[in-house]
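Observations on chain architecture
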Amino acid sequence: MENLTLRAARSSEYQWINDRYDEVGFVHSSAGRDLVLIAELGGQPAGIGRLVRIAPQSAELGGMLVFENFRGGGIAHRLVAALLELAESASQFQTIYCLPFAHLAAFYRQHGFTDVAEPGLVPAELRAKHQWCNTTYSDRTTLLLERRP
């Protein structure tokens, strides 16, 4: 994937991003709240992913979407790694959560995520989103986290 570039979304692109999220039933992104990265391959949009601040020192990694024609080439790995690197360089998040579909949990574990051992310590907003996901989508979601030193 030598032609792959990752860049931060511009405010003017959030309608396009949310249109893509509508296609798969994902929650919308907000330019003032979320950091969205766009993956481009040969100048064509190939995927998107985001970090959402959910508490002063916590974020959710999510909205991972690699467009169908670009799947299987490692773009999702590159997006996740870049988002985690941005979170680390900002040194503002001690915990990053993720709500993947259960069949994708192993993918996120490759990036350092583990199962949440104490759900009661998870921010209420994220617990509510987890419940919403499991009542909205036909595939179950799981709740993972990555702790940072």
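Residues numbered from 1 in each chain as written. Predicted model: local features only at pLDDT ≥ 70, side-chain atom pairs only at ≥ 80, totals over all residues. Heavy atoms only, no water.

The biggest cluster of nonpolar side chains holds 38 residues, and the ones touching the most others in it are Ile-17, Ile-48, Leu-61, Ile-75, Ile-96, Tyr-108 and Phe-113. Of all the secondary-structure elements, those providing two or more residues to this core are α1 (14-24), β2 (34-41), β3 (44-55), β4 (58-66), α2 (75-90), β5 (95-98) and α3 (105-109). Looking at this core, the element that brings in the most residues is α2, giving seven residues. The next biggest cluster of nonpolar side chains, apart from the first, holds nine residues, and it includes Ile-54, Val-122, Leu-143 and Leu-145. (Core = buried A, V, L, I, M, F, W, Y, C linked by side-chain atoms within 4.5 Å. Buried < 20%, exposed > 50% of the residue type's maximum accessible area, 1.4 Å probe, protein only. Helix = DSSP H or I, 4+ residues; strand = E, 2+ residues; numbered from the N terminus.)

All right, on to the pattern of salt bridges then. Enumeration over the complete set of coordinates arrives at seven salt bridges. Measuring nitrogen to oxygen at the nearest pair gives 2.6 Å for the salt bridge that ties Glu-13 to Arg-7. For the pair Glu-13 and Arg-7, a shared accessibility class is recorded, and that class is buried. Across the pair Glu-40 and Arg-7 runs a salt bridge, and its minimum N-O distance is 3.2 Å. Residue Glu-40 is located in strand β2, and its partner Arg-7 is located in strand β1 (residues 4-8); the two are separated by 33 residues in the primary sequence. The same class applies to Glu-40 and to Arg-7, which are both buried. One continuous salt-bridge network, built from bridges that share partners, spans Arg-7, Arg-10, Glu-13 and Glu-40. (Salt bridge = Lys/Arg side-chain N within 4 Å of Asp/Glu carboxyl O.)

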